[in-house]
Amino acid sequence: MTDIVEIINKAEITHSLTKMEIALLLTDHEWDQQLFMAADRVRNKNVGDQVHLRGLIEFSNICQRNCYYCGLRKDNGKVERYWLTPATIIEFATKAQEYGYKTVVLQSGENDVYTLADMQYMIGQIKALGLAITLSVGEKTRDEYEAYKKAGADRYLLRIETTDRKIYEKLHPGMSFENRVRCLTDLKELGYEVGTGCLVGLPEQTLESLAEDILFFKTLDVDMVGLGPFIPNDDTPLASERGGTFMLSLKVMAITRLLLPDVNIPATTAMEALNKDGRMIALQSGANVVMPNVTEGEYRKLYLLYPGKICTGDTPAHCRGCITSKIVGIGRRVATGCGYRVKK
Ligand code: SAM
Ligand code: SF4
């Protein structure tokens, strides 16, 4: 047996690897299929064959941050900015519930357009529909996180993006790695199901640094890990960078599944932007969640983080049908519950 196969076997059995072992897996290409198959077995054994659907509402593209990689960054003057009213957001959530979603993800740029009272009102109204609520609205104070939680929010997504402090601080002007970690720690302490993740293929990022990212997810004992390739956007300072590949992102995801066997892992949209079957391949390599877009009308096109975003011309009804048939097509089934993490 080669060293690589031994490392894959060890990960499948113990769910534990050293940074060096992870980096070796990421360097190797010969045994990729074995890695993906092992991640698929671990997924099946620990979270089963159900796929959880989360309806994504991109409710505002206004952002006060300037993350170098993101199309929504404040200094990108080419974006036509929008913000949906609380009434519209609640209407989209109601429709998502009618399409059969059990969870909605409310995502936006980081902004102060919505007051705390607006957020509490929206969360309360959506919660009353019987939906689980995931928020993804960036860095806030502990008091704000606590108020959202009390209003009924269940989960929070905040990617660490990279655990390499130097890269983190270069790409996030005016932001600090410490505060990012503080946010994640606060969210955990407040009882949220916490999701984090990273971008794969950032400038200067090494395979060792990606290994550190995976170990960070494990140390923090997060409940969800969403990761995908960094895709360069022409209207950002990283326009001329190469970006991440589908294959490396898939490998980081598969290793994450081996090390965190019972967490929820989405097959991300960015993966499908680089490979037309990206989400289904991800579902067969460790993922168990998909987040179809339930934002209506023209807004999808205006929430452009990177070029090649999928499904921008589709309706929520179309996306629901399309994703269900793809999931059934690979022999899996759409979950009927809210899909909280069941810790093993
Ligand atoms: N503003 C919130 C935040 O930053 O947490 C939520 C929205 S933000 C657009 C959601 C995620 O989009 C980020 O965590 C980032 O990883 C991802 N993203 C932004 N620009 C991207 C790019 N060029 N390629 C791939 N993913 C990107
Ligand atoms: Fe704003 Fe989030 Fe994009 Fe950063 S990643 S610019 S915080 S929307």
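Anything mentioned here points back to the structure above.
This report concerns the structure included in the present document.

Analysis parameters
- Residue positions are counted from 1 within each chain, in the order its sequence is given.
- Think of it this way: whatever chain is written first is A, whatever ligand is written first is 1, and the rest follow in order.
- Restriction of local features to residues with pLDDT of at least 70 applies here, the model being predicted, together with a cutoff of 80 or more for giving and counting side-chain atom pairs; totals for whole chains, interfaces and linings are based on all residues.
- Computation of side-chain values: all heavy atoms of the structure, hydrogens and water removed.
- The rule for a salt bridge is simple: a side-chain nitrogen of Lys or Arg has to be within 4 Å of a carboxyl oxygen of Asp or Glu.
- Only runs of H or I of at least four residues qualify as helices and only runs of E of at least two qualify as strands under DSSP, and these elements are numbered from the N terminus.
- Buried means the residue's accessible area, taken with a 1.4 Å probe over protein chains only, is under 20% of the maximum for its type, while exposed means over 50%, and partly exposed covers the values in between.
- Contacts are residue-level and defined by heavy atoms, with any inter-residue pair within 4.5 Å sufficient.
- The criterion for a residue being near a molecule or strand is simple. One of its heavy atoms has to lie within 4 Å of it.
- The term polar contact refers here to a pair of N or O atoms within 3.5 Å; inside protein, the definition further demands a hydrogen-donor-capable atom paired with an acceptor-capable atom, and it admits residues adjacent in sequence only when both atoms are side-chain atoms.
- Calculation of accessible area relied on Shrake-Rupley with a 1.4 Å probe; when residues are assessed, cover is drawn exclusively from the protein chains displayed.
- Throughout this entry, Asp, Glu, Lys and Arg are counted as charged residues, while Ala, Val, Leu, Ile, Met, Phe, Trp, Tyr, Cys and Pro are counted as nonpolar. The remaining residues, Gly among them, count as polar.
- Only Phe, Tyr and Trp rings are paired, with Trp represented by its six-membered ring, and only when their centres lie within 6.5 Å; those with planes under 30 degrees apart are stacked, over 60 edge-to-face, the remainder tilted.
- Charge-over-ring placement is defined geometrically: NZ (Lys) or CZ (Arg) within 6 Å of the ring centre, and within 35 degrees of the ring normal.
- Note on geometry: axes are C-alpha line fits, over the in-contact stretch for helices, and angles between N-to-C directions span 0 to 180 degrees.
- Angles are sorted into four bins: roughly parallel if under 35 degrees, roughly antiparallel if over 145, roughly perpendicular if 65 to 115, and oblique for all others.
- Put simply, a crossing is left-handed when the front helix is turned counterclockwise from the back one by less than a right angle, and right-handed when it is turned clockwise.

## Regarding the pattern of salt bridges
Argument step 1. For the structure on display, the rule yields 30 salt bridges.
Argument step 2. Put simply, Arg142 and Asp186 hold a salt bridge, and the shortest N to O gap is 2.7 Å. Separated by 44 residues along the polypeptide, Arg142 in helix H6 (residues 142–151) and Asp186 in helix H8 (residues 177–189) bring together distant segments of the chain.
Argument step 3. A relative accessible area of 31% means that Arg142 is categorised as partly exposed.
Argument step 4. You can call Asp186 buried: its relative accessible area is 9%.

## Thoughts on the side chain of Asp213
Argument step 1. Take Asp213: it is sitting in helix H9 (residues 207–220).
Argument step 2. With near-sequence residues (within four places) excluded, Asp213 lies in contact with Glu161, Thr162, Thr163, Cys198 and Gln205.

## Structural notes on the site of ligand 1
Argument step 1. By nearness alone, 19 residues border ligand 1, and Tyr69, Ser108, Arg159, Glu161 and Ile231 come closest of all.
Argument step 2. In the environment of ligand 1, a nitrogen atom lies 3.1 Å from a nitrogen or oxygen atom belonging to the backbone of Ser108.
Argument step 3. Protein chains shield 92% of the accessible area of ligand 1, which is 560 Å² for the free molecule.

## Quick look at the site of ligand 2
Argument step 1. Neighbouring ligand 2 are Cys63, Arg65, Cys67, Tyr69, Cys70, Arg73 and Gly109.
Argument step 2. Its residues placed into classes, the shell around ligand 2 shows four nonpolar, one polar and two charged.

## Some remarks on the packing of aromatic side chains
Between two aromatic rings, the relevant description is the distance of the centres plus the angle of the planes.
Argument step 1. Here the structure, examined in full by the defined rule, presents six aromatic pairs.
Argument step 2. Taken together, a centroid distance of 6.0 Å and an interplanar angle of 80° make the contact between Trp83 and Tyr114 edge-to-face. Here the residue Trp83 occupies a position in the loop between strand E1 (50–60) and helix H4 (86–98), and Tyr114 occupies one in the loop between strand E2 (103–108) and helix H5 (116–127), the gap between them amounting to 31 residues.
Argument step 3. With a relative accessible area of 48%, Trp83 lands in the partly exposed category.
Argument step 4. Seen from their ring centres, Tyr156 and Tyr192 are 5.8 Å apart, and the 85° between their planes marks the pair as edge-to-face. A residue pair is termed long-range when its members are at least 10 positions apart, and Tyr156 in strand E4 (residues 155–157) and Tyr192 in the loop between H8 and strand E5 (193–196) qualify at 36 residues. The exposure classification of Tyr156 matches that of Tyr192, with both residues buried.
Argument step 5. Feature note: the residues Phe59, Trp83 and Tyr114 constitute an aromatic cluster, connected by ring pairs.
Argument step 6. Stacked on the ring of Tyr192, the Lys or Arg Lys149 has its end atom at 5.8 Å from the ring centre.

## A short note on the environment of Gly331
Argument step 1. In this structure, Gly331 sits in the loop between helix H14 (316–329) and strand E10 (333–334).
Argument step 2. Distance in space between the C-alpha atoms of Gly331 and Gly321 is 16 Å, their sequence separation being ten residues.

## A short note on the packing of helix H2 (residues 19–27) against H9
Argument step 1. Taken N-terminus to C-terminus, the directions of H2 and H9 make an angle of 125°; their axes are 8 Å apart at the nearest point. On the basis of their axis angle, the class for H2 and H9 is oblique. H2 and H9 meet at a crossing whose hand is right-handed. Between H2 and H9, the contacting residues are Lys19, Ile22, Ala23, Leu26 and Thr27 on the first element and Leu207, Glu208, Leu210, Ala211, Glu212, Ile214 and Leu215 on the second.
Argument step 2. Among the residues forming the contact of H2 with H9, the class breakdown is eight nonpolar, one polar and three charged.

## Side note on the packing of H2 against helix H10 (residues 246–259)
Argument step 1. Between H2 and H10, the shortest axis-to-axis distance is 10 Å and the interhelical angle comes to 145°. Classified by chirality, the crossing of H10 by H2 is right-handed. Packed against H2, whose contacting residues are Ile22, Leu25 and Leu26, the element H10 presents Leu248, Lys251, Val252, Ile255 and Leu259 at the interface.
Argument step 2. Taken together, the residues of the contact of H2 with H10 break down into seven nonpolar, no polar and one charged.

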